[in-house]
Amino acid sequence: QVQLVESGGGLVQAGGSLRLSCAASGRTFSHYTTGWFRQAPGKEREFVAAISWTGGDTYYSDSVKGRFTISRDNAKNTVYLQMNSLEPEDTAVYYCAVRARGLSIATTSAAFGSWGQGTQVTVSS
């Protein structure tokens, strides 16, 4: 079992930037495809971005494509989500999650088995 801890959330004005981090412990993180999801109040959890366990493949939702960048540093057991040009609609709790070892990128929350506790991102207009 891998344990995940998100950090880097906060309050930012529209147009600003934040970088979220997802730190892993417990297993060899480099074997896990990792995703970021978010959930706004009253809405379902939605896919944001994912990165393969090698880091060679990435995938983004249409709503963040061109603004957000997912990356990983396996030596530090950390996955990052760089968020630029933030909009009030990006306000949500952001979660990172991993798929079972060796599996490819997916975009549904059901495909991910381990989750962090989330970090709040609030974008003011």
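Just above, that's the structure.
Here's what I pulled together on the structure shown here. (Residues numbered from 1 in each chain as written. Predicted model: local features only at pLDDT ≥ 70, side-chain atom pairs only at ≥ 80, totals over all residues. Heavy atoms only, no water.)

A few words on the nonpolar core. Within the largest apolar cluster, 28 residues are counted, with the highest numbers of intra-cluster contacts made by Trp36, Leu81, Met83 and Tyr94. Mapped by element, the contributors of at least two residues to this core are β3 (18–25), β5 (46–51), β7 (68–73), β8 (78–83), β9 (92–98) and β11 (119–124). Core analysis: the second largest hydrophobic core is formed by six residues, Phe37, Phe47, Ala50 and Ala106 among them. (Core = buried A, V, L, I, M, F, W, Y, C linked by side-chain atoms within 4.5 Å. Buried < 20%, exposed > 50% of the residue type's maximum accessible area, 1.4 Å probe, protein only. Helix = DSSP H or I, 4+ residues; strand = E, 2+ residues; numbered from the N terminus.)

Right, let's get into the pattern of salt bridges. For the structure shown, the criterion picks out five salt bridges. Two residues, Glu46 and Arg38, come together in a salt bridge whose shortest N-O distance is 2.6 Å. Residue class for Glu46 comes out partly exposed when judged on its relative accessible area of 35%. Given the relative accessible area of 5%, Arg38 is considered buried. As a salt-bridge pair, Arg67 and Asp90 come within 2.7 Å of each other at their nearest N and O atoms. A residue pair is termed long-range when its members are at least 10 positions apart, and Arg67 in the loop between β6 (58–60) and β7 and Asp90 in the loop between β8 and β9 qualify at 23 residues. Of the two residues, Arg67 and Asp90, both sit in the buried class. One salt-bridge network, in which partners are shared between bridges, spans Arg38, Glu46, Arg67, Glu87 and Asp90. (Salt bridge = Lys/Arg side-chain N within 4 Å of Asp/Glu carboxyl O.)

This part takes up the packing of aromatic side chains. This model, assessed by the stated rule, comprises six aromatic pairs. Measuring from ring centre to ring centre gives 5.7 Å for Phe37 and Phe47, while their planes differ by 75 degrees; the resulting arrangement is edge-to-face. A residue pair is termed long-range when its members are at least 10 positions apart, and Phe37 in strand β4 (residues 34–39) and Phe47 in strand β5 qualify at ten residues. Considered together, Phe37 and Phe47 belong to a single accessibility category, that of buried residues. Aromatic side chains Phe47 and Tyr59 sit 6.0 Å apart centroid to centroid with 35 degrees between the ring planes, which places their arrangement in the tilted category. With Phe47 in strand β5 and Tyr59 in strand β6, this pair connects stretches of sequence that are twelve residues apart. (Phe/Tyr/Trp six-rings, centres within 6.5 Å; stacked < 30°, edge-to-face > 60°.)

In this section: the pairing of β9. Taken across its seven residues, β9 has seven buried, putting it largely inside the fold. With three bridges connecting them, β9 and β11 associate as antiparallel partners. Bridge pairing in β11 links Tyr94 to Thr119. Here β9 runs beside strand β10 (residues 114–115); their pairing, made up of two bridges, is antiparallel. Following the sheet pairing, Val98 is matched in β10 by Ser114. (Pairing = 2+ DSSP bridges.)

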